[in-house]
Amino acid sequence: MLIMSDVYNPQEVEAKWQTKWQESGLYRQTVDKSKPKHYALTMLPYPSGDLHIGHWYAMTPSDARARFMRMKGYNVLFPMGFDAFGLPAENAAIKRNIHPKKWTFANIERMRGQLRSMGAMFDWEREAVSADPSYYKWTQWFFKKLLEYDLAYRKLSAVDFCPNCNTTLAREQVWGDDRHCERCGTPVIKKDLEQWFFKTTDYAEELLDFSTIDWPERVKVMQTNWIGRSTGANVTFHTEQGDPIEIFTTRPDTLWGATFMVLAPEHPLVDKITAVAQADAVLTYREAAKRLTDIDRETADREKTGVFTGAYAINPVNNARIPIWIADYVLMTYGSGAIMAVPAHDERDFAFATKFGLEIVEVIRQPGRSDEDGPLTEAFVSKTEGTMINSGAFDGTPASEGVATVTAWLEAQGMGEKAVNYRLRDWLISRQRYWGAPIPIVYCPEHGAVPVPDDQLPIMLPDDVEFMPTGESPLRFHEGFLHTTCPECGKPALRETDTMDTFMCSSWYQYRYLSPHDDEHPFDPEEGAYWLPVDQYTGGIEHATMHLIYTRFFTMAMRKMGLVDHSEPMLALYNQGMVLGEDGEKMSKSRGNVVAPDTLVAQYGADTVRTYLMFFAKWDQGGPWNYDGIKGPQRLVQDVWEMAQLAYMPKQVTDEANRALRRKTHQTIRKVTADFENFSFNTAIAAIMELRNAMQAARRSSDVAADVWAEAVDSLLLLLAPVAPHVTEELWAQRGHGYSVHQHSWPMWDEEVAKEESITLVVQINGKVRDRIDVPAGMSDEELKALALASERVVEWLNGRSPHKVIVVKGRLVNIVG
RNA sequence: GGGGCGGUGGCGAAAUGGCAGACGCAGCGGACUUAAAAUCCGCCGGGGUAACCCCCGUGUGGGUUCGACUCCCACCCGCCCUACCA
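Quick caveat, the model's predicted, so the values are computed rather than measured.

Another aspect to go through is the sheet that holds strand S33 (residues 813-817). Across the sheet, which stays open at both edges, the four strands sit in the order S31-S30-S33-S32 with mixed pairing between neighbours. What marks the edges here is a single partner per strand, and that holds for strand S31 (768-776) and strand S32 (805-809). For this sheet, the mean inter-axis angle between neighbouring strands, taken without regard to orientation, is 20°. Across eight bridges, strand S30 (residues 758-765) lies against S31 in antiparallel orientation. When the bridges of S31 are listed, Leu 761 appears paired with Ile 773.

Structure, rendered in structure tokens:
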């Protein structure tokens, strides 16, 4: 064993223990049914090239929590891997002529080293890399399973397309308010393509149920909004010629106020119903709408546009003849792509009717409004206030009952039925990209889309490809890849050249960690039976409506496939905040405010960097980095180093000093334990600093016994072990304790020892502090009240009067109200 | 427009409805040093007072309460998400 110098040299200590940990397999994590399990998972990184401080901020507190759970007696699984497919690798290939595979795996190698420098307890034998064929074989297998269980389908669909790069883009590659291409800044447009989809909407209702998981309110709200459930009714209108037009409405009670209809420009009925006189105008409008970028179309405050088709529909409830318009504020992708327009009670319809001079008929009378008030100046949209008018037999029905009453009536009349709509769309997973898992489908002229048999998986990405400056996938031009035979008939057929969205890879990685080398299953069922589901997931909020919905969908689908028996992949979730630059802004190279962890580790050591990251703010909040602020944790680690090595010699030991230090020690254990449970790492470290301060005072006066000092030092090391794993390991060994401090059990506190002997009784008069009295702990309310009333200040203030009221807060405070 | 989160010393931040500012950084004064760094001791929200102490103070204005950073209502500011979803 190396002899450590007296001077704390973090590089020396950290290198020594990282090697020792690896050699001894300290962090191997295997099934052990004698212990309760705890699956701790932190979101896996994309191998962009360098581990940045954000990775450290996401991973080191997670690691500390996992270490804490381990010391608490759990058998902890804490794996790590790489989400290794994706666009940046391909961009690097195009820009710098490096193969995406080479670029990606070189980055992974580099980042593995950087990850090791954190000293986290990752079990590297469980590492999973999504771009590795042994991984994407199973991604492809899952695609087939989804198809088999009727959760995948192919359809023609409009996708985001960058006209400059001549390629489609993933949703996440469309940036900013103006929805521009990530690479060239060109606004995206829509393009119709045959695409593969997963039926996330099959689980829309179940995805809204968070009752079995402990997730942050914020995420639940975001997912709920994203799924966007609305209830109402489907109602069938007919054109004058008798063509049915189905619409969805959340306000069937306003049917009598429907004075026109609007179809989405792409609606299939438009061609059929458009009158000859309007044909040119309709065609022009439809062409213009097609060319519009999403941003143009989706900007809410944009003035309404539309054209009349020349056709009329009959309102089924009152047989009114109403015009049919097309307008791009009606989306083909929601509901049926057609609406009944009720301008009196819908803001959008009101704006449209006002602009085009369409009739506005009030059918819900706002309380306090009368005919004398003239025409409506804005839509009245309340669902709860008002009374139905101009609605035939329903006149007088309160608006609050209107929806239910009218829906029941519509059903009885056969005009419509109760309906639920979701904003959630099916998940489009096709990507016209090379660097992703190929979709395992072959197109046969005779048999159509045929899944590739299991024994031919994985469909390997060919290495010998040439990248187009346009970004077009080289798979489309790779003869060897493209040409194959139909699994059904053996005749020549073509491979699907699209690859899968990388979110597909990351939707099931928590399962792959269980047996990353398993060639028989996506994951070993025995490992799964023990470890699943994930107990604690941690990661950034930015995945709230993407990854975190996809992975929930995936687990629900896996339940349908009979692969798992749980419905939720992650039982608890915690979102960390973000480390900002010193200027309080998001870190970016162009701002020059990037904090590089490698430099920090070289200067301060990983233990200090970890401690600072966990100390400077509550974890879910984050905040600006501060190079001066790290000095606090640096001093803490240094002080621990010195105190743990000190040959402590007691001088004038007193019982009182012994009790005081033991009390502080046990109080600190209690506090740090609670704080770790609650992810309140900053206050845990503050408490450890308080203990340090108390120990330094005791050391100066040397008035505590040697065993009391030793208990304080050992407790300090154990409490700090999850935060600063290297230095505590070294000191633990130096103090002659066994290997490893990380296998030692978490310290216990003794309530009796931790109990305060005296309290400061706060005496208030009318809520203002007027006196403080030191009293022994455990006095009764009556005794405290008597003491407070006897206080000189109170006697003086009362001046012989008796107080109106005296409030005693047990063991804390007396408030005298006069 | 809708939703969410937040606003506390010079700075990062703490506070089950009960002493606001724990802990840390910076700063100031002192010790050590030829000197500096490091380290150690002390002070450290604002105002008043010789002092004991007093007054003010958690974005703003109200409210509930014996008592409000904390709960309720309205508003201002910042950040994030979402956005014509019928």
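So, on to the domain arrangement of chain A. On domain assignment, one finds that chain A holds domain 1 (143-198 + 426-502), domain 2 (229-422), domain 3 (626-754) and domain 4 (758-817). Computed from C-alpha atoms alone, the centre-to-centre distance between domain 1 and domain 3 is 57 Å.

Glancing now at the packing of helix H3 (residues 87-96) against helix H4 (residues 100-116). For any two helices packed against each other, one specifies the inter-axial angle together with the distance between the axes. In the contact formed by H3 and H4, the axes pass within 8 Å of each other and the chain directions differ by 120°. Between H3 and H4, the interaxial angle falls into the category oblique. Between H3 and H4 the crossing geometry is right-handed. Residues Pro 88, Ala 89, Glu 90, Ala 92, Ala 93 and Arg 96 of H3 touch H4, and the partners they reach there are Pro 100, Trp 103 and Thr 104.

This paragraph deals with the environment of Pro 525. Residue position: Pro 525 is located in helix H16 (residues 525-531). Considered as a pair, Pro 525 and Met 556 are 31 residues apart in the sequence and their alpha carbons are 17 Å apart.

Okay, the packing of aromatic side chains next. Under the criterion given, the structure shown has 51 aromatic pairs. Pairing Tyr 153 with Phe 197 gives two aromatic rings, centres 5.5 Å apart and planes at 15°, and the pair type is stacked. With Tyr 153 in strand S5 (residues 152-162) and Phe 197 in strand S9 (residues 189-198), this pair connects stretches of sequence that are 44 residues apart. On the basis of an interplanar angle of 80° and a centroid distance of 4.7 Å, the ring pair of Tyr 612 and Trp 625 is categorised as edge-to-face. Taken together, the residues span a long stretch of sequence, with Tyr 612 in helix H19 (residues 606-615) and Trp 625 in the loop between strand S29 (622-624) and helix H20 (631-645) at a distance of 13 residues. For the pair formed by Tyr 612 and Trp 625, the shared burial category is buried. Members of the aromatic cluster, joined through ring pairs, are Phe 143, Trp 196, Phe 198, Tyr 203, Trp 427, Phe 503, Tyr 550 and Phe 553. The cationic tip of Arg 116 hangs over the ring face of Trp 124; the distance from NZ or CZ to the ring centre is 5.2 Å. Against the face of Trp 226 rests Arg 423, its NZ or CZ located 5.2 Å from the ring centre.

Our focus in this paragraph is unusual backbone geometry. Residues Leu 457 and Pro 458 are joined by a peptide bond in cis, for which omega reads 0°. Across the junction of Leu 532 and Pro 533, the peptide omega takes the value -10°, indicating a cis bond. Here Pro 533 lies in the loop between H16 and strand S26 (536-540). Its identity is not glycine, yet Asn 390 carries a phi of approximately 50°, on the positive side. Secondary-structure assignment places Asn 390 in the loop between strand S17 (387-388) and helix H12 (399-413). Judged by relative accessible area, which is 47%, Asn 390 ranks as partly exposed. Even without a glycine there, the phi angle at Ser 702 is positive, about 50°. When you line up the elements, Ser 702 lands in the loop between helix H22 (681-701) and helix H23 (706-720). A relative accessible area of 7% means that Ser 702 is categorised as buried.

Cut-offs applied
- Residues numbered from 1 in each chain as written.
- Chains lettered and ligands numbered in written order.
- Predicted model: local features only at pLDDT ≥ 70, side-chain atom pairs only at ≥ 80, totals over all residues.
- Heavy atoms only, no water.
- Pairing = 2+ DSSP bridges.
- Helix = DSSP H or I, 4+ residues; strand = E, 2+ residues; numbered from the N terminus.
- Axes fitted to C-alpha atoms, helices over the stretch in contact; angles between N-to-C directions.
- Domains from an automatic or database assignment.
- Parallel < 35°, antiparallel > 145°, perpendicular 65-115°, else oblique.
- Left-handed = near helix turned anticlockwise from the far one by under 90°.
- Contact = heavy atoms within 4.5 Å.
- Phe/Tyr/Trp six-rings, centres within 6.5 Å; stacked < 30°, edge-to-face > 60°.
- Buried < 20%, exposed > 50% of the residue type's maximum accessible area, 1.4 Å probe, protein only.
- Lys NZ or Arg CZ within 6 Å of the ring centre and 35° of its normal.

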